[in-house]
Amino acid sequence: MKISKKSRYGITALIDLAMNSKDGHVALSHIAERNGISLQYLEQVFASLRRVGMIKSIKGAQGGYLLNKPTKNITVAEIIETLDGTYHIESEEGAANSENPAIAITIQTIIIDKVNSKMDEILLNITLDDLVNDYKANNEFNEQMYYI
């Protein structure tokens, strides 16, 4: 599985939004600038996130974006599915038409179903809150390092 650029940018932007929206809404241009993401591309990403109610927008000159749900209620699985569709490996096709359908069934049950189950187990249990907390911990560590 490869996480697409769209999902990576979406996750990055949501971490940024969560970190910077404590005092109010955040301008999309600021998120784009801080993270080196094209504003036009980020507008497309945020349109998808807004459609599912993950974020909300405030119109006007002083407008911007806010999370519409608590960070602990937004999973990585939900973000990826919103931006790219399913993250599951496609089912083994051709089992019924195969000379040996048992092989296709074996591949499906022993590999594909188990991998999909583990991805669900991981991605449904990592929240935006987890990502924000890890970012804070890593950022504090980097700020404390001294360079000679």
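Before reading on, note that the structure itself is shown above.
Residues numbered from 1 in each chain as written. Predicted model: local features only at pLDDT ≥ 70, side-chain atom pairs only at ≥ 80, totals over all residues. Heavy atoms only, no water.

J.: How do you make sense of a nonpolar patch on the surface when you look at a structure like this?
T.: A surface patch of nonpolar side chains, about 320 Å² in accessible area, is lined by Ile89, Ile110, Ile111 and Val115. Here Val115 is to be found in helix 5 (residues 101–123). (Patch = residues over 30% accessible without salt bridge, like charges linked within 9 Å, V, L, I, M, F, W, Y side chains within 5 Å. Areas by Shrake-Rupley, 256 points an atom, 1.4 Å probe, with all protein chains shown as cover. Salt bridge = Lys/Arg side-chain N within 4 Å of Asp/Glu carboxyl O. Helix = DSSP H or I, 4+ residues; strand = E, 2+ residues; numbered from the N terminus.)

J.: Help me understand the pattern of salt bridges in this model?
T.: Here the idea is simple: oppositely charged side chains can pair when their charged atoms come close. Applying the stated rule across the entire model yields three salt bridges. Close ionic contact of Asp16 with Arg34 constitutes a salt bridge, the shortest N to O distance being 2.7 Å. Of this pair, Asp16 sits in helix 1 (residues 5–20) while Arg34 sits in helix 2 (residues 28–35), and the two are 18 residues apart along the sequence. A residue is classified by how much of its surface remains accessible, and Arg34, at 43% relative accessible area, is partly exposed. The salt bridge involving Lys69 is made with Glu78; its shortest N-O contact spans 2.6 Å. Residue classification places Lys69 among the partly exposed residues on the basis of a relative accessible area of 27%. (Buried < 20%, exposed > 50% of the residue type's maximum accessible area, 1.4 Å probe, protein only.)

J.: Even after reading the chapter, I still don't get the side chain of Asn116, so can you show me in this structure?
T.: With respect to the secondary-structure elements, Asn116 resides in helix 5. Looking at Asn116, the relative accessible area reads 11%, which means it is buried. Not counting residues up to four positions away in its chain, the partners in contact with Asn116 are His88 and Ile89. (Contact = heavy atoms within 4.5 Å.)

J.: Where do I start with the packing of helix 1 against helix 4 (residues 76–84) in this structure?
T.: The geometry of helix 1 relative to helix 4 is characterised by a closest axis approach of 9 Å and an angle of 130° between their N-to-C directions. One way to sum up the angle between helix 1 and helix 4 is to call them oblique. The handedness of the crossing between helix 1 and helix 4 comes out as right-handed. Together, Lys6, Ser7, Gly10, Ile11 and Leu14 of helix 1 and Val76, Ile79, Ile80, Leu83 and Asp84 of helix 4 make up the contact between the two elements. Its residues placed into classes, the contact of helix 1 with helix 4 shows six nonpolar, two polar and two charged. (Axes fitted to C-alpha atoms, helices over the stretch in contact; angles between N-to-C directions. Parallel < 35°, antiparallel > 145°, perpendicular 65-115°, else oblique. Left-handed = near helix turned anticlockwise from the far one by under 90°. Nonpolar A, V, L, I, M, F, W, Y, C, P; charged D, E, K, R; others polar.)

J.: Explanation requested: the environment of Ala18 in the structure shown.
T.: Assignment of secondary structure puts Ala18 in helix 1. As for Ala18 and Leu66, which are separated by 48 residues in sequence, their C-alpha atoms are 8.0 Å apart.

J.: What exactly am I supposed to notice about the nonpolar core here?
T.: One recurring pattern in soluble globular proteins: nonpolar side chains tend to sit buried together. The biggest cluster of nonpolar side chains holds 30 residues, and the ones touching the most others in it are Leu14, Leu17, Leu42 and Phe46. If you list the elements that add at least two residues to this core, you get helix 1, helix 2, helix 3 (39–51), strand 2 (64–67), helix 4, helix 5 and helix 6 (128–144). The biggest single contributor to this core is helix 1, with six residues. If we ignore the near neighbours within four places in the chain, the residues touching Leu14 are Leu49, Met54, Ile55, Leu67, Ile79 and Leu128. (Core = buried A, V, L, I, M, F, W, Y, C linked by side-chain atoms within 4.5 Å.)

J.: Sorry, what's going on with the packing of aromatic side chains here?
T.: Each aromatic ring pair is characterised by the separation of its centres together with the angle its planes make. Applying the stated criterion across every chain yields a total of two aromatic pairs. A ring pair is formed by Tyr9 and Tyr41, whose centres lie 5.6 Å apart and whose planes are at 85°; its orientation type is edge-to-face. Taken together, the residues span a long stretch of sequence, with Tyr9 in helix 1 and Tyr41 in helix 3 at a distance of 32 residues. Taking relative accessible area as the criterion, Tyr9 reaches 24% and is therefore assigned partly exposed. Ring geometry for Phe46 versus Tyr65: centroids 4.9 Å apart, planes at 85°, classification edge-to-face. Here Phe46, found in helix 3, pairs with Tyr65, found in strand 2; they are 19 residues apart in sequence, far enough to count as distant. In this structure, Phe46 and Tyr65 share a single accessibility class: buried. (Phe/Tyr/Trp six-rings, centres within 6.5 Å; stacked < 30°, edge-to-face > 60°.)

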